[in-house]
Amino acid sequence: VDAYTAAFTRGAREAMAASWSENGIWIHADGSRTEGLAAIREVLAEGQAGKGGLEIVDSKIRMVTPSVAIEEGTARLTVDGNVIGEERYEAIHVSTTIGWKLSSLRELPADQSAPTGNPNLAELAWMVGDWVDESADARIVSRVEWSRNQAFLVNNFSAEFSGEQESLEGVQVIDRDQARGVIRSS
């Protein structure tokens, strides 16, 4: 985290990109997504790096497993010592053979209030939270939360497998098909 903010302030975009996993997912405050390291590099090249300072405020990091950490905090952008923007974020970091990498970053508006959820999905409200499922063959880490408009449940997950199978990560969106009266996910 400290290396990323220092790289931002220096405008060292490649050092910022090196903080991301190959399959990283960046969910911007407006809901748009950038997926994969190549696409993240493009966004970083067009961004604000080097035009001001980035400070992390009130960061909290929870170890979900020995190789997965969830960070929550507020990022503050400054120019010439003046705060020009601030937003909350949630990040999932994964330990790799070459160090910790950002697997997922979700930017949230600083004034976002706690969601109450979609009444059509009330029976699944128990899913909201952080989950770990471990067996001898796999470890799956999930974070389920309401979408910003509270219409859907969103599951950000990563999976590590023993043996030769590659790790994976992804996002699952859960909603109710009103026409059929069933819960579905994509």
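Draft legend 1. Spotlight on the sheet that holds strand β11 (residues 182-185). One open sheet accounts for 5 strands, arranged β7-β8-β9-β10-β11; its pairing is antiparallel. Each of the sheet's edge strands pairs with one partner strand only, and the pair in question is β7 (129-134) and β11. Direction aside, the axes of adjacent strands within the sheet are offset by 20° on average.

Draft legend 2. Structural view of a nonpolar patch on the surface. Nonpolar side chains collect at one region of the surface, where V1, I61, M63 and W100 lie side by side and expose about 400 Å² of accessible area between them. Of note, V1 is situated in the segment before α1 (2-10).

Draft legend 3. Region of the structure containing the side chain of S21. Position of S21 relative to the elements: it lies in strand β1 (residues 20-27). Residue S21 is classed as buried on the basis of its relative accessible area of 10%. Here S21 is in contact with L37, K101, L102, S103 and E169, once residues within four sequence places are set aside.

Draft legend 4. Region of interest: the pattern of salt bridges. Counted under the stated rule, the structure contains 14 salt bridges. R62 is the partner of D130 in a salt bridge, and the nearest nitrogen-oxygen pair spans 1.9 Å. On the criterion of sequence distance, the pair formed by D130 in strand β7 and R62 in strand β3 (residues 53-65) is long-range, its members being 68 residues apart. Connected through shared salt-bridge partners, R62, E72, E90, D130 and R143 make up one network.

So, how was this worked out
Residues numbered from 1 in each chain as written. Predicted model: local features only at pLDDT ≥ 70, side-chain atom pairs only at ≥ 80, totals over all residues. Heavy atoms only, no water. Pairing = 2+ DSSP bridges. Helix = DSSP H or I, 4+ residues; strand = E, 2+ residues; numbered from the N terminus. Axes fitted to C-alpha atoms, helices over the stretch in contact; angles between N-to-C directions. Patch = residues over 30% accessible without salt bridge, like charges linked within 9 Å, V, L, I, M, F, W, Y side chains within 5 Å. Areas by Shrake-Rupley, 256 points an atom, 1.4 Å probe, with all protein chains shown as cover. Salt bridge = Lys/Arg side-chain N within 4 Å of Asp/Glu carboxyl O. Buried < 20%, exposed > 50% of the residue type's maximum accessible area, 1.4 Å probe, protein only. Contact = heavy atoms within 4.5 Å.

Shape descriptors only; they carry no functional weight alone.
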